[in-house]
Amino acid sequence: MPEKSVLTRRLHGFGTNVFSEMTQLALRHRAVNLGQGFPDFEGPVEIKEAAIDAIRGGLNQYVRTHGVPELNQAVAEHQKRFYDLTFDPETEITVTNGATEAIFATFQAICEAGDEIVFFEPFYDSYRASVAMAGGVSRVVTLEAPTSPGGSFTYDPEDLERVITPRTKALLINTPHNPTGRIFSRPELEHIADLCRRHDILAISDEVYEHLVFDGEHIPLATLPGMAERTITISSTGKTFSFTGWKIGYACAAPHLSKALRTAHQFINFCNGGPFQVAMAQALRLGDEYYTQFLSDYQKRRDHLSDGLRDAGFGVLPTAGSYFTLADIRPLGFDDDVEFCRWLPEHVGVAAVPPTAFYVHKEKGRHLVRFAFCKSSEVLDEAVARLRRIQELRPGPASPGQGKAAGA
Ligand code: PMP
Ligand code: GLN
């Protein structure tokens, strides 16, 4: 049966997820994979041991649907310790299957058919699919790419106001932002909070890169006046402790919001791995030295990759947070990110991600490529060495992937 005849209309156009496609290409061509955002190193050995101990100790059956009590408690402590936010572990914290499930469950919980969800493009690709699966409608506001190398992504606050309608149910932000590496500033967050309060809409704040802020400050939206009662804060232990495959995420929100989210969550996956939850409770409680070292290691990786990309001839955009760097491919004579990313693994031996996967208005990001720098320094060295050869490996004028300017 042809796929279209069985796939629900809600999912038409979503195709194969870009991360799977690029990781497959990387494997096929033995390329250095700077595409999908997962570390090539592991988190603390004692956290691994804690999960193994929990398995040996018999924590091998279903656990409580909203999280093992230890982890709910550890998340509450983490929110207090870093942001002075108070959440009741029993009624305001829900453990989910990564941040991805928290996002999905949120939309399942809050969307009536036709409800509008506002967020910025480029966006983590699961947002739009999750809104669609919940019967909602995505309304995107563009973060405009900088026109000069040192500039950052900007948006017009009036665009954000204009996109809000009586059908707007929630406004979703992601800070630090994937894929731009941008951090939302306090004045921006104040404006967003003001809109939410004025129009009585919910806020969803995806903060999975909260501990990866190199320039500036991470400000959780829920800390702004009047926002605690209307914000669902979503995060994930995968990034901070380098165990992305364990998929331990969580959502923190006022009791009425958490109750709604849990109603959806219990029927999506009921619960997730108990041993990983216990281990992550221990991870969240690691001392300040862990978090400081984590950040300084990543700052070195960011600089390593940015410098290497610059040497290779890319136009490198600044990364204030997250573990991604965007680079302009036009200085190298390319102008189509998808063609570039399909060409790169085979011919240069490096995999990346085409950011247009994260845009509705594809033309806004076609000149960019996203590289992940959550990799060991040897791997970054190898990637950079290969990328330096791009100019000589570049296809001829008529070949796909080469920019019109250079090819004409
Ligand atoms: N939000 C953003 C912005 C992300 O980049 C990602 C993926 N790395 C997630 C959510 C999903 O996190 P998780 O792997 O915990 O589902
Ligand atoms: N969020 C990760 C990234 O942006 C990947 C997550 C996934 O593979 N779904 O690379």
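All of these numbers come straight from a predicted model, not from anything done at the bench.

**Observations concerning the site of ligand 1**
The full set close to ligand 1 counts 13 residues, and Thr 100, Asp 206, Tyr 209, Ser 236 and Lys 239 are the nearest of them. Take Ala 99: an N or O atom from its main chain is 2.8 Å from an oxygen atom of ligand 1. Across the complex, the protein chains shield 92% of the 400 Å² of accessible surface that ligand 1 would expose by itself. When residues of the shell around ligand 1 are assigned to their parent elements, the largest contribution, 3 residues, is made by helix H5 (residues 98–110). Looking at side-chain class alone, the shell around ligand 1 contains 5 nonpolar, 5 polar and 3 charged residues.

**So, the nonpolar core**
Ranked by size, the top nonpolar core spans 99 residues in total, and within it Phe 107, Phe 314, Phe 340, Leu 344, Phe 371 and Leu 387 carry the most contacts. Here the element with the most residues in this core is helix H12 (residues 288–312); it accounts for 7 residues. Ignoring sequence-local partners within four residues, the contact set of Phe 314 consists of Leu 309, Ala 327, Asp 328, Ile 329, Pro 331, Leu 332, Phe 340, Val 369, Phe 371, Leu 387 and Ile 390. Counting residues in each nonpolar core, the second largest holds 28 residues, with Ala 145, Phe 153, Ile 164 and Leu 221 among its members.

**As for the environment of Glu 92**
Looking at the element boundaries, Glu 92 is found in the loop between helix H4 (69–83) and strand E2 (93–97). Setting aside anything within four residues of it in sequence, one finds Glu 92 in contact with Thr 86, Phe 87, Ala 251, Cys 252, Ala 253, Ala 254, Pro 255, Ser 258 and Arg 262. Among the polar contacts made by the side chain of Glu 92, one reaches the main-chain amide nitrogen of Asp 88 at a distance of 2.7 Å.

**Section: the packing of aromatic side chains**
How two aromatic rings sit relative to each other is given by the distance of their centres and the angle of their planes. Taken as a whole, this structure holds 30 aromatic pairs when the rule is applied. Summarising the aromatic geometry, the rings of Phe 214 and Phe 373 are spaced 6.2 Å apart at their centres and angled 45° between planes, so their arrangement reads as tilted. Linking Phe 214 in the loop between strand E6 (202–206) and strand E7 (231–236) with Phe 373 in the loop between strand E12 (368–372) and helix H14 (377–387), this pair joins segments that are 159 residues apart in sequence. Comparing Phe 214 with Phe 373, the two get one shared label, buried. Geometry around Phe 324 places Arg 370 over its ring, the cationic atom sitting 3.6 Å from the centre. In this structure, Lys 375 packs its charged tip against the face of Phe 38, placed 4.1 Å from the ring centre.

**Looking at the sheet that holds strand E5 (residues 168–174)**
Strand order in the open sheet formed by 7 strands is E2-E8-E7-E6-E5-E3-E4, and the pairing between neighbours is mixed. Each edge of the open sheet carries a strand with a single partner, namely E2 and strand E4 (137–142). Going from strand to strand, the sheet's axes swing by 25° on average, the running direction of each strand aside.

**Observations regarding the site of ligand 2**
In the region of ligand 2, the neighbouring residues are Phe 19, Gln 36, Gly 37, Tyr 124, Asn 178, Lys 239, Phe 324 and Arg 370. In the environment of ligand 2, an oxygen atom lies 2.7 Å from a nitrogen or oxygen atom belonging to the backbone of Gly 37. Measuring from an oxygen atom of ligand 2, one finds a side-chain N or O atom of Asn 178 at 2.9 Å. Out of a free accessible area of 300 Å², ligand 2 has 82% covered by protein chains. Of the residues that constitute the shell around ligand 2, the class distribution is 3 nonpolar, 3 polar and 2 charged.

**A closer look at the pairing of strand E3 (residues 116–121)**
Within E3, 6 of the 6 residues are buried, which leaves the element mostly enclosed by the surrounding structure. In this sheet, E4 lies alongside E3 in parallel orientation, the contact comprising 6 bridges. The partner of Glu 116 across the bridge, within E4, is Val 137. Crossover E3 to E4 through helix H6 (residues 126–133) is right-handed. Here E3 runs beside E5; their pairing, made up of 4 bridges, is parallel. Along E5, the bridge assignment pairs Phe 119 with Leu 172.

**Digging into the pairing of E5**
Of all 7 residues in E5, 6 are buried, a share of seventy percent or more. Alignment of E5 against E6, held across 5 bridges, turns out to be parallel. Within the sheet, the bridge partner assigned to Ala 170 lies in E6 and is Leu 202. As for the winding sense of the linkage, the β-α-β connection from E5 through helix H8 (residues 186–199) to E6 is right-handed.

**Some words on the confidence of the model for the protein**
Per-residue pLDDT for the protein has a mean of 94; in total, 96% of the residues score no lower than 70. Across residues 398–408 the pLDDT falls below 50, and counting only partners more than four positions away or on other chains, this stretch makes 21 contacts in the model.

What counts as what
- Residues numbered from 1 in each chain as written.
- Chains lettered and ligands numbered in written order.
- Predicted model: local features only at pLDDT ≥ 70, side-chain atom pairs only at ≥ 80, totals over all residues.
- Heavy atoms only, no water.
- Near = heavy atom within 4 Å.
- Polar contact = N/O pair within 3.5 Å; in protein donor to acceptor, adjacent residues only side chain to side chain.
- Areas by Shrake-Rupley, 256 points an atom, 1.4 Å probe, with all protein chains shown as cover.
- Helix = DSSP H or I, 4+ residues; strand = E, 2+ residues; numbered from the N terminus.
- Nonpolar A, V, L, I, M, F, W, Y, C, P; charged D, E, K, R; others polar.
- Core = buried A, V, L, I, M, F, W, Y, C linked by side-chain atoms within 4.5 Å.
- Buried < 20%, exposed > 50% of the residue type's maximum accessible area, 1.4 Å probe, protein only.
- Contact = heavy atoms within 4.5 Å.
- Phe/Tyr/Trp six-rings, centres within 6.5 Å; stacked < 30°, edge-to-face > 60°.
- Lys NZ or Arg CZ within 6 Å of the ring centre and 35° of its normal.
- Pairing = 2+ DSSP bridges.
- Axes fitted to C-alpha atoms, helices over the stretch in contact; angles between N-to-C directions.
- Right-handed = clockwise from strand over helix to strand, strands pointing away.
- pLDDT = per-residue confidence, 0-100.

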